[in-house]
Amino acid sequence: MSIKKQYLKSKPVCKVTFRVQKEANNGAKKIHVVGEFNEWNKDTIPMKSYKNGSFSATIDLELNREYQFRYLIDGVSWRNDLDADTYVHCSYGNCENSVIIT
């Protein structure tokens, strides 16, 4: 998994690309990025799948903020990003959420 941040000079946003490589997706058919930036909506940010088995999605995030997020794999399995800026305890049981800081 990886996260790429691109800070734009023309707008006060950070363009963030979330990527899940084939080796990390356990043969997934679909992956969504779900987090505070989309009110934890499981359907709004589907990742594009590529022939090499990887997935990616790019979104614009407001600057100087922290966002919790996770990946939802095939609608049933939640995964964190190993390249997240940090992690926080989630409020739904014994788990952690990935955090990206812009």
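Residues numbered from 1 in each chain as written. Predicted model: local features only at pLDDT ≥ 70, side-chain atom pairs only at ≥ 80, totals over all residues. Heavy atoms only, no water.

Colleague: Help me out: how do you make sense of the overall build of the chain in this one?
Modeller: Helices and strands together make up the secondary structure of the chain, namely zero helices and nine strands. Written out in order from the N terminus, the α and β elements of the chain read β-β-β-β-β-β-β-β-β. Taken over C-alpha atoms, the radius of gyration comes to 13 Å for the chain, in line with the 13 Å a tight globule of 102 residues would show. Overall, the C-alpha framework of the chain stretches about 40 × 35 × 20 Å when taken along its three principal axes. The buried share of the chain, taken over its 102 residues, is 41%. In the chain, once contacts between residues fewer than 6 apart in sequence are set aside, the share between residues at least 24 apart is 59%. On the chain, roughly 6,300 Å² of surface is accessible, and the fraction owed to carbon and sulfur atoms is 46%. Averaged over its 15 positive side-chain charges, the chain has a centre that lies 9 Å from the centre of its 12 negative ones. (Helix = DSSP H or I, 4+ residues; strand = E, 2+ residues; numbered from the N terminus. Rg over C-alpha atoms; globule rule 2.2 N^0.38 Å. Buried < 20%, exposed > 50% of the residue type's maximum accessible area, 1.4 Å probe, protein only. Contact = heavy atoms within 4.5 Å. Areas by Shrake-Rupley, 256 points an atom, 1.4 Å probe, with all protein chains shown as cover. Lys, Arg positive; Asp, Glu negative; His and termini not counted. Charge placed at Lys NZ, Arg CZ, Asp CG, Glu CD.)

Colleague: Explain the side chain of Arg70 to me, please; I cannot follow it from the model alone.
Modeller: Counting through the fold element by element, Arg70 comes out in strand S6 (residues 66–73). For the buried Arg70, which has no salt bridge, the nearest side chain bearing the opposite charge is Glu96, at an N-O separation of 8.0 Å. Among the polar contacts listed, one links the side chain of Arg70 to the backbone oxygen of Glu96, at a separation of 3.4 Å. The contact partners of Arg70, leaving out residues within four places of it in the chain, are His32, Val33, Val34, Trp40, Trp78, Arg79, Asn80, Cys95, Glu96, Asn97 and Ser98. (Salt bridge = Lys/Arg side-chain N within 4 Å of Asp/Glu carboxyl O. Polar contact = N/O pair within 3.5 Å; in protein donor to acceptor, adjacent residues only side chain to side chain.)

Colleague: Any chance you could explain the side chain of Ser98 here in plain terms?
Modeller: Here Ser98 lies in strand S9 (residues 96–101). Owing to a relative accessible area of 0%, Ser98 belongs among the buried residues under this scheme. Within the local environment of Ser98, its side chain forms a polar contact with the backbone nitrogen of Asp81, the two atoms lying 2.9 Å apart. The residues contacting Ser98, other than those within four sequence positions of it, are Tyr67, Gln68, Phe69, Arg70, Asn80, Asp81, Ala84, Thr86 and Tyr87.

Colleague: Hey, could you run me through the UniProt feature "domain: AMP-activated protein kinase glycogen-binding" (unreviewed entry) in the chain in this one?
Modeller: The positions UniProt marks with the feature "domain: AMP-activated protein kinase glycogen-binding" (unreviewed entry) are residues 25–100. Span residues 25–100 is 0% helix and 46% strand, its end C-alpha atoms 20 Å apart. (UniProt positions renumbered as here; feature names shortened; annotations may be inferred.)

Colleague: Which parts of the structure should I look at to understand the state of the cysteines?
Modeller: Such a bond, covalent and formed between the sulfur atoms of two cysteines, is termed a disulfide. In this structure the tally under the stated criterion is one disulfide. Between the sulfur atoms of Cys90 and its disulfide mate Cys95 the distance is 1.7 Å. Looking down the S-S bond of the Cys90 and Cys95 bridge, the torsion is 70 degrees, so its handedness is right-handed. Comparing Cys90 with Cys95 shows no difference in burial state: the two are buried. (Disulfide = S-S within 2.5 Å.)

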